[in-house]
Amino acid sequence: MGRIAGLAFPSRRTIKLKERYIFLILVLTVIVFSITTIFLIPDLRSSSADKVYQVYVHVQNAAPDILIPQPSSANELVGDNPDKAELVHWGGINKHGQMDEPDPHLLSDKERLKKKIDASETILEKPKVQDKAEDGEAPVIKHRGHELRPDSDVDNTDKSVVITSGGEDNEDDVRKKRDTVKQMMAHAWKNYEEYAWGGNELRPISLKTHNPGIFGAAQLGATIIDALDSLYIMGFTKEFEKAKQWTLENLNFSSVGSDISVFETNIRFVGGLLTVYALTGDYAFAAKADEIAQLLLPAFNTPTGIPNALINAKTGIGKNYNWASGGAAILSEFGTLHLEFSYLSDVTGNPVYREKN
């Protein structure tokens, strides 16, 4: 501090120090404002393709001689050719950098798949189901000229169903990929079998059983049902037979005394069992799917007919999730019941499933 006539005043050095602080504060304010402008102000531009085009225009104005040709918009790429529509990625930009040509890898894969489908004779026909008999007898399912009956004392396996298990591919790279997938499946299945058999899921790190609340925290062997079709297709005969035995002897939803998810139960259990039936022709799987689906039907007892998201299999009382807006049903859940329920009506002759959805 300096003194003139007994009065104190700030020195030149002190003023400079304060100026530095003020300048630093101003710089930080500008930086924070710039970052906020870049990341927090919403971008109202219409599409990714428009963004690409706008960037192109700005750069072209700055240096037009160094640019590659103007990128095509999504509409220009598709044009009048519907086959190109599925080859156009987000913003109309092809992942392989080709702006006006379809992805050669995708075309090659589609062509190879089409040849295999055309040459295949293993496509399963849709079962023809006779309506339920008036005398209360079980329906007769006619499939490939063979009659299937859900009677326990009858061999329900459709011997005319084409075997879709095992087999080899003519291409070496495909065989290697198949072998790798089978090794992964064998590894996962072995650990589930050893550490969580009968449980819904296996925690891979702790090696403990996990039974999520979507199935009422009950042990329903969800992984077993999920894996049945994969085990069969991959040719794991021994593992498939063990899983089949557990399914037919132990899978029982009627004993679950808490809420279960209608959606999850349908896609994983009803759908999984119907898939194995479609592959093997063994009606025991369809009968088990029918048994489970019967327990889901009370969920449809609502004023609108739209099913509740949750159902208590023992009491038949349904409800929706507490977190759903207004306690409403979830469209993406009940909207997916159609496939399994319609097919279940086909194979059982019971029209109620198709009528419900």
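The structure presented is a predicted model; accordingly, all values stated were derived computationally and were not measured.

A. Structural detail: the overall build of the protein chain. Broken down by element type, the protein chain carries 13 helices and 10 strands. Counting every position in the protein chain, which comprises 357 residues, the buried fraction comes to 31%. The long-range share in the protein chain, meaning contacts at least 24 apart out of those at least 6 apart in sequence, stands at 51%.

B. Quick peek at helix 7 (residues 222-234). Counted at 1.5 Å a residue, the expected span for helix 7 with its 13 residues is 18 Å, and the 19 Å between its end C-alpha atoms agrees. Three or more residues of helix 7 are buried, namely Ala222, Ile224, Ile225, Ala227, Leu228, Asp229, Leu231, Tyr232 and Met234. On the buried face of helix 7, the contacting elements are helix 6 (172-195), helix 8 (237-250), helix 9 (262-280) and helix 10 (283-296). Where helix 7 terminates, the next one or two residues include Gly235, which has phi positive at roughly 85°.

C. Broad picture of the nonpolar core. Ranked by internal contacts, the top residues of the largest apolar core, which has 48 residues, are Leu251 and Phe269. Looking at this core, the elements with two or more residues in it are helix 6, helix 7, helix 8, helix 9, helix 10 and helix 12 (338-348). Discounting residues that sit within four places of it in the chain, Leu251 has contacts with Leu220, Ile225, Trp246, Phe269, Leu273, Lys288, Glu291 and Ile292. In this structure, Leu310, Tyr321, Ala324 and Ile330 belong to the second largest nonpolar core, which totals five residues.

D. The confidence of the model for the protein chain, seen in detail. Looking at the protein chain as a whole, its pLDDT mean stands at 75, while 64% of the residues score no less than 70. The model gives residues 82-99 a pLDDT under 50, and that stretch makes 34 contacts with residues more than four places away or in other chains. Long-range and interchain partners of residues 129-134, a stretch whose pLDDT sits below 50, account for 14 contacts in this model, where long-range means more than four residues apart.

E. Highlighting the packing of helix 7 against helix 9. Look at helix 7 against helix 9: their axes get within 9 Å of each other, and the N-to-C directions meet at 20°. On the basis of their axis angle, the class for helix 7 and helix 9 is roughly parallel. Seen from above, helix 7 lies across helix 9 with left-handed handedness. Across the interface between the two elements, Ala222, Ile225, Asp226, Leu228, Asp229, Tyr232 and Ile233 from helix 7 touch Arg268, Phe269, Gly272, Leu273, Thr275, Val276, Leu279 and Thr280 from helix 9. Tallied by class, residues from the contact of helix 7 with helix 9 come to nine nonpolar, three polar and three charged.

F. How the structure looks around the pattern of salt bridges. Per the stated rule, a full pass over the model turns up nine salt bridges. Of the charged contacts in the structure, one is a salt bridge between Arg175 and Asp172, with a shortest N-O distance of 2.0 Å. Of this pair, Arg175 and Asp172 both sit in helix 6, three residues apart, which is roughly one turn of the helix. On the accessibility criterion, Arg175 (26% relative accessible area) is partly exposed.

G. Highlighting the packing of aromatic side chains. By the definition in use, this model includes 10 aromatic pairs. Seen from their ring centres, Tyr232 and Phe240 are 5.2 Å apart, and the 55° between their planes marks the pair as tilted. Look at Phe240 and you get buried, because its relative accessible area is 5%. Members of the aromatic cluster, each reached through a chain of ring pairs, are Trp189, Tyr192 and Trp197. Across from the ring centre of Phe236, 5.6 Å away, lies the NZ or CZ of Lys182, which sits over that ring. We note Lys242 situated over the ring of Trp197; from NZ or CZ to the ring centre the distance is 4.7 Å.

H. Examining the sheet that holds strand 9 (residues 310-312) more closely. Spatial ordering of the open sheet is given by 8-9-10, a layout of three strands whose pairing is antiparallel. Pairing within the sheet leaves two strands with one partner each, and these edge strands are strand 8 (259-261) and strand 10 (318-319). With two bridges joining them, strand 9 and strand 10 adopt antiparallel strand pairing. The partner of Leu310 across the bridge, within strand 10, is Lys319. In the packing of helix 9 onto the sheet, the strands contacted are strand 8 and strand 9, and the crossing angle to strand 8 comes to about 55°.

I. Seen up close, helix 6. With 24 residues, helix 6 extends 35 Å from end C-alpha to end C-alpha; this agrees with the ideal 34 Å at 1.5 Å per step. Here helix 6 has its buried residues at Val174, Met185, Trp189, Asn191 and Tyr192.

J. Fine view of the packing of helix 10 against helix 12. Helix 12 packs onto helix 10 with a crossing angle of 125° between their chain directions and a minimal axis gap of 10 Å. With respect to their mutual orientation, helix 10 and helix 12 come out oblique. In this structure, helix 10 meets helix 12 at a crossing whose hand is left-handed. On helix 12, the residues that touch Tyr283, Ala286, Ala289, Asp290 and Ala293 of helix 10 are Leu344, Val347 and Thr348.

K. Fine view of the side chain of Asn308. The topology assignment puts Asn308 in the loop between helix 10 and strand 9. Excluding residues within four positions of it along the chain, Asn308 makes contact with Val262, Ala299, Thr302, Gly318, Lys319 and Asn320.

The rules behind these values
- Each chain carries its own residue numbering, running from 1 in the direction its sequence is written.
- With the structure being a predicted model, the display of local features is reserved for residues of pLDDT at least 70 and the display and counting of side-chain atom pairs for 80 or more, all residues being used for whole-chain, interface and lining totals.
- Hydrogen atoms and water are omitted, and side-chain values are computed over all heavy atoms in the structure.
- Strands are runs of DSSP state E lasting at least 2 residues, helices are runs of H or I lasting at least 4, and numbering of each runs from the N terminus.
- Only protein chains enter the accessibility calculation, which uses a 1.4 Å probe; a residue whose area is less than 20% of its type maximum is buried, one above 50% is exposed, and one in between is partly exposed.
- In this analysis, two residues are considered to be in contact whenever any of their non-hydrogen atoms come within 4.5 Å of each other.
- A helix is expected to span 1.5 Å multiplied by its residue count minus one.
- What makes a nonpolar core is a set of buried Ala, Val, Leu, Ile, Met, Phe, Trp, Tyr and Cys residues whose side-chain atoms join them at distances within 4.5 Å.
- Across the chain, each position has a pLDDT score giving the predictor's confidence in that residue, from 0 to 100.
- Geometry is summarised by axes, namely lines fitted to C-alpha atoms with helices restricted to the contacting stretch, and by angles between N-to-C directions that run from 0 to 180 degrees.
- Angular relationships are summarised with four words: roughly parallel below 35 degrees, roughly antiparallel beyond 145, roughly perpendicular across 65 to 115, and oblique for the angles in between.
- Take the far helix as the reference: if the near one is turned anticlockwise from it by less than a right angle, the crossing is left-handed, and if turned clockwise, right-handed.
- Side-chain classes are defined by residue name, with Ala, Val, Leu, Ile, Met, Phe, Trp, Tyr, Cys and Pro counting as nonpolar, Asp, Glu, Lys and Arg as charged, and the others, Gly among them, as polar.
- Should a side-chain nitrogen of Lys or Arg be within 4 Å of a carboxyl oxygen of Asp or Glu, the pair is scored as a salt bridge.
- Each aromatic pair joins two rings of Phe, Tyr and Trp (for Trp, the six-membered one) with centres within 6.5 Å, and gets the label stacked for planes under 30 degrees apart, edge-to-face for over 60, and tilted for any other angle.
- Only when the NZ of Lys or the CZ of Arg is both within 6 Å of the ring centre and within 35 degrees of the ring normal is a charge said to sit over the ring.
- The criterion for strand pairing is that DSSP finds at least two bridges linking the strands in question.

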